[in-house]
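Coordinate analysis (summary)
Read off the chains here:
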Amino acid sequence: ITAGGLPLRFIAFPVTFLAMAQQPVSIPVIPADVEDSSDDDDASRPFVPFSQRPEWQDIEPIPQDDGPVPVLAIQYSDEFRQKMDYFRAVLKRDERSPRTLALSKEVLLANPSHYTAWTFRRRVLESLGVDLVTEFAFTEVIAKMSPKNYQLWHHRRWLVQKTGDYSRELDFTALVLQHDAKNYHVWTHRQWVVSS
């Protein structure tokens, strides 16, 4: 069977990938003693629905609009759907506050490749004047989950440029490369550090 000239097995792969996208990924990259110090360690706490969080009562969530007849309806978990619905709402308002910084963390822990969430997080960090040194720890947590994540390395480069602190990058990239010496994203970041 073919579709558009391609064997069906090649077309089925993206569907399988999309179905797997919400599955937790665990790739040990950073030693276990490195924790996210950018915010409270809420990843270990049970999820509390946003409708039950007093600080979110003023926000009307914006559901995802897949159109009248979605080609492929992705079965997101309720937790992920809520995070994204509230994220879309604060993004629309361009709200830059501690709660939106915390929300961007939740979104990125659920989907480390969410480019818009990374971009919004940078805007919030700058607007709040947060000490960016603490953000390095957050990128290390994401690197545990998704070391070949382009958005992560772009964010890391932004942090280095904003802080002017290149001191930790060679050791950090060497640590990540110990687990996968062919990680193109890490090599690209390392090359940039050396040439800067």
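First, a word on scope: everything that follows refers to the structure included in this document. (Residues numbered from 1 in each chain as written. Predicted model: local features only at pLDDT ≥ 70, side-chain atom pairs only at ≥ 80, totals over all residues. Heavy atoms only, no water.)

**Structural notes on the side chain of H114**
By the element assignment, H114 lies in the loop between α3 (98-110) and α4 (115-128). Overall, the relative accessible area of 16% leaves H114 in the buried class. When near neighbours in sequence (up to four residues on either side) are disregarded, H114 contacts M84, F87, V107 and L108. (Helix = DSSP H or I, 4+ residues; strand = E, 2+ residues; numbered from the N terminus. Buried < 20%, exposed > 50% of the residue type's maximum accessible area, 1.4 Å probe, protein only. Contact = heavy atoms within 4.5 Å.)

**Re unusual backbone geometry**
Note: most peptide bonds trans; most residues except glycine with negative phi. The residue D94 is not glycine, and still its phi comes out positive at about 55°. Considering the arrangement of structural elements, one finds D94 in the loop between α2 (78-93) and α3. Judged by relative accessible area, which is 33%, D94 ranks as partly exposed.

**A look at the environment of A174**
One can find A174 in helix α7 (residues 169-179). When its relative accessible area of 31% is taken as the criterion, A174 is described as partly exposed. Taking C-alpha positions, A174 is 8.6 Å from R190, a pair spaced 16 residues apart along the chain.

**Observations concerning the packing of α3 against α4**
As a packed pair, α3 and α4 sit with axes 9 Å apart at the nearest point and diverge in direction by 155°. In this view, α3 runs roughly antiparallel relative to α4, as classed from their interaxial angle. Seen from above, α3 lies across α4 with left-handed handedness. Contacts from P98, T100, L101, S104, K105, V107 and L108 in α3 reach A117, W118, F120, R121, V124, L125 and L128 in α4. (Axes fitted to C-alpha atoms, helices over the stretch in contact; angles between N-to-C directions. Parallel < 35°, antiparallel > 145°, perpendicular 65-115°, else oblique. Left-handed = near helix turned anticlockwise from the far one by under 90°.)

**Topic: the packing of α4 against helix α5 (residues 133-145)**
Relative to each other, α4 and α5 sit at 165°, their axes nearing to 13 Å. Considered as vectors, α4 and α5 are oriented roughly antiparallel to each other. The way α4 lies across α5 gives a crossing that is right-handed. Counted together, W118, R121 and L125 of α4 and E135, F138 and I142 of α5 form the full contact between these two elements. Class assignment of the residues belonging to the contact of α4 with α5 gives a composition of four nonpolar, no polar and two charged. (Nonpolar A, V, L, I, M, F, W, Y, C, P; charged D, E, K, R; others polar.)

**Section: the side chain of H189**
Structurally, the position occupied by H189 is in helix α8 (residues 184-195). Sequence-distant contacts of H189, defined by excluding residues within four places in its chain, comprise W153, R156, R157, E169 and T173.

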